[in-house]
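This is what each chain is made of:
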Amino acid sequence: MFNEKIEKMSRSEMENLQSDRLVDVVKRVYDNVKYYRNKMDAIKLKPSDIKSIKDISKLPYTTKQDLRDNYPFGTFAVPKKDIIRVHASSGTTGKLTVVGYTKRDIDDWAECTARALSMAGCTNEDVVHISYGYGLFTGGLGIHYGAEKLGAMTVPVSTGNTMRQITLLKDFEASTICCTPSYAMFIAEELQKLNIPVSELNLKRGIFGAEPWSIEMKNKIEKLLNIEAFDIYGLSEISGPGVSMSCGDEFGLHVMEDFFYPEIIDVDTLEPLEDLQSGELVFTTLNKQGIPLLRYRTRDISALDHSECKHCKRTLVRMKRVCGRSDDMLIIRGVNVFPSQIETVLMNIPEVIGSHYKIFVDRAGFLDTMEIQVEISENNVTDEVKSIENIRHRVEHDMQSMLGIAAKITLVSPNSLPLSEGKTARIVDRRKI
Ligand code: DLL
């Protein structure tokens, strides 16, 4: 176990640690973040009202919209000179949600991902092949620092070029692969197509996350790649991958609760729910300096279980694997996509009717695909293939720049995608998760 003291801490010791950290973080955000000071003043809550972790429900919630409203650095709790790294994830209209890390935040995060890798059985004997994207996305660098902390041979491959990934997996004798579950399936299919038996690889395990995936998919990946597959969860706002990790237990993932305090709330009443009840997952960061967040609403649906884990005996609370969200965010090939981002692009192209579109999400084999159908505007209807193709290319190009992933664009005739009187169902998600 990477950090036995924390990972097997008694409930009362953990609550004491969480209480001390909560009292400290609330004071820090009140003193240093105008946004939180205003929010707490508005409900007449003083930092001294928070005396232990039991008081957490007195605190206000934070949403992605709040971060966007304070773009880019308005929720940072330290001066810019103390920030050594930023990451970002998509916001609902294309404005990024920016997160900043101090040196200690990066160390804490590496501790979380090192614990996560270790939970899956990784040691310094392992070769860890990382195919999550490196860049503003937290996947690549987040796991990278944990793998190095563990002392494993870390291979920062990043995404793309599957043939090269396969060559490196073989030549470097990777024992652990880290990527989205859909990319793992894609690699497995490529191996089959190329007639490369998995026995030519040295893979023992996969650390998969960044998107929802079912137990059926887990079983399939395990069989095709002859590995053990583990679920890793996280979100950039809270740090990145390693907020929680599965140990192989059926119920779910152990939360690094000395750093991130989880709650489950009812989506309608916003009241906290009991263990095993399903609702929206909310996190408070207990030790973060750069951008500490109080009761951040993840929109992910899960449940908590504080009972002892029979599988590994860790005492860290478990959260049920995440299979859905309470908002309309789509996760396509691991990339977060909001329908509103798509709409923004379409609205800015006069040759199409930006309000008349439909999004089709599907799975070709095991890889997500997205098609966007949009109506061409009346005065651009023409028989000339070249001009139609030009419009299509422009939409395709702008969409790729906004979303960071490719979408198939289909132009359809005006009035063929009528809006309904109530809510227009714009998304057809045919994937079975
Ligand atoms: O996806 C961080 C990450 C990278 C996690 C690599 C695991 C591995 P964001 O881009 O901010 O961060 O997206 C966060 O992705 O709120 C969930 O909806 C979804 N998500 C992440 N991990 C899982 C998972 C990264 N294991 C959003 N199962 C989250 C289901 C997941 N959904």
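As the structure is a computational prediction, the values presented were derived from the model and not from experiment. (Residues numbered from 1 in each chain as written. Predicted model: local features only at pLDDT ≥ 70, side-chain atom pairs only at ≥ 80, totals over all residues. Heavy atoms only, no water.)

### Some remarks on the pattern of salt bridges
For the structure shown, the criterion picks out 33 salt bridges. Residues Arg431 and Asp368 are paired through a salt bridge, measuring 3.1 Å at the closest nitrogen-oxygen approach. Here Asp368 lies in strand β19 (residues 367–376) and Arg431 lies in the segment after β21 (427–429), a separation of 63 residues in the sequence. Grouping residues by exposure puts Arg431 and Asp368 together as buried. Among the charged side chains, a network of salt bridges with common partners joins Arg363, Asp368, Asp429 and Arg431. (Salt bridge = Lys/Arg side-chain N within 4 Å of Asp/Glu carboxyl O. Helix = DSSP H or I, 4+ residues; strand = E, 2+ residues; numbered from the N terminus. Buried < 20%, exposed > 50% of the residue type's maximum accessible area, 1.4 Å probe, protein only.)

### Observations concerning the sheet that holds β21
Reading across from one edge, β20-β19-β18-β21 is the order of the 4 strands in this open sheet, with mixed pairing throughout. At either margin of the open sheet sits one strand with a lone partner, and together these are β20 (408–412) and β21. Taking each pair of neighbouring strands and ignoring which way they run, the sheet shows an average axis angle of 15°. Its contacts with the sheet place helix α10 (residues 339–347) against β18 (352–364), β19 and β21, and it is angled at close to 135° to β18. (Pairing = 2+ DSSP bridges. Axes fitted to C-alpha atoms, helices over the stretch in contact; angles between N-to-C directions. Contact = heavy atoms within 4.5 Å.)

### Brief notes about the nonpolar core
Membership of the largest hydrophobic core comes to 70 residues, with the highest contact counts inside it found for Leu22, Tyr233, Met245, Met256, Phe283 and Met319. Not counting chain neighbours up to four residues away, the residues in contact with Met319 comprise Tyr233, Ser244, Phe251, Gly252, Leu253, Val255, Leu281, Phe283, Ser302, Ala303 and Leu304. By size, the runner-up hydrophobic cluster in this structure holds 26 residues, among which are Tyr183, Met185, Ile187 and Ile196. (Core = buried A, V, L, I, M, F, W, Y, C linked by side-chain atoms within 4.5 Å.)

### Overview of the domain arrangement of the chain
Domain annotation for the chain reports domain 1 (80–327) and domain 2 (335–429). Taken together, the contact between domain 1 and domain 2 spans 13 residues of the former and 11 residues of the latter. Regarding the contact of domain 1 and domain 2, the summed buried area is about 1100 Å², with carbon and sulfur atoms giving 59% of it. Applying the counting criterion to the domain 1 and domain 2 interface returns 0 salt bridges. If you look at where domain 1 meets domain 2, you find 0 residue pairs in polar contact (both at pLDDT 80 or more). Taken together, the elements giving at least two residues each to the side of domain 1 that touches domain 2 come down to α8 (181–193) and α9 (215–225). It is α8 that provides the largest number of residues to the side of domain 1 that touches domain 2, a total of 4 residues. Tallied by class, residues from the side of domain 1 that touches domain 2 come to 3 nonpolar, 6 polar and 4 charged. (Domains from an automatic or database assignment. Buried area = accessible area lost by both parts, 1.4 Å probe. Polar contact = N/O pair within 3.5 Å; in protein donor to acceptor, adjacent residues only side chain to side chain. Nonpolar A, V, L, I, M, F, W, Y, C, P; charged D, E, K, R; others polar.)

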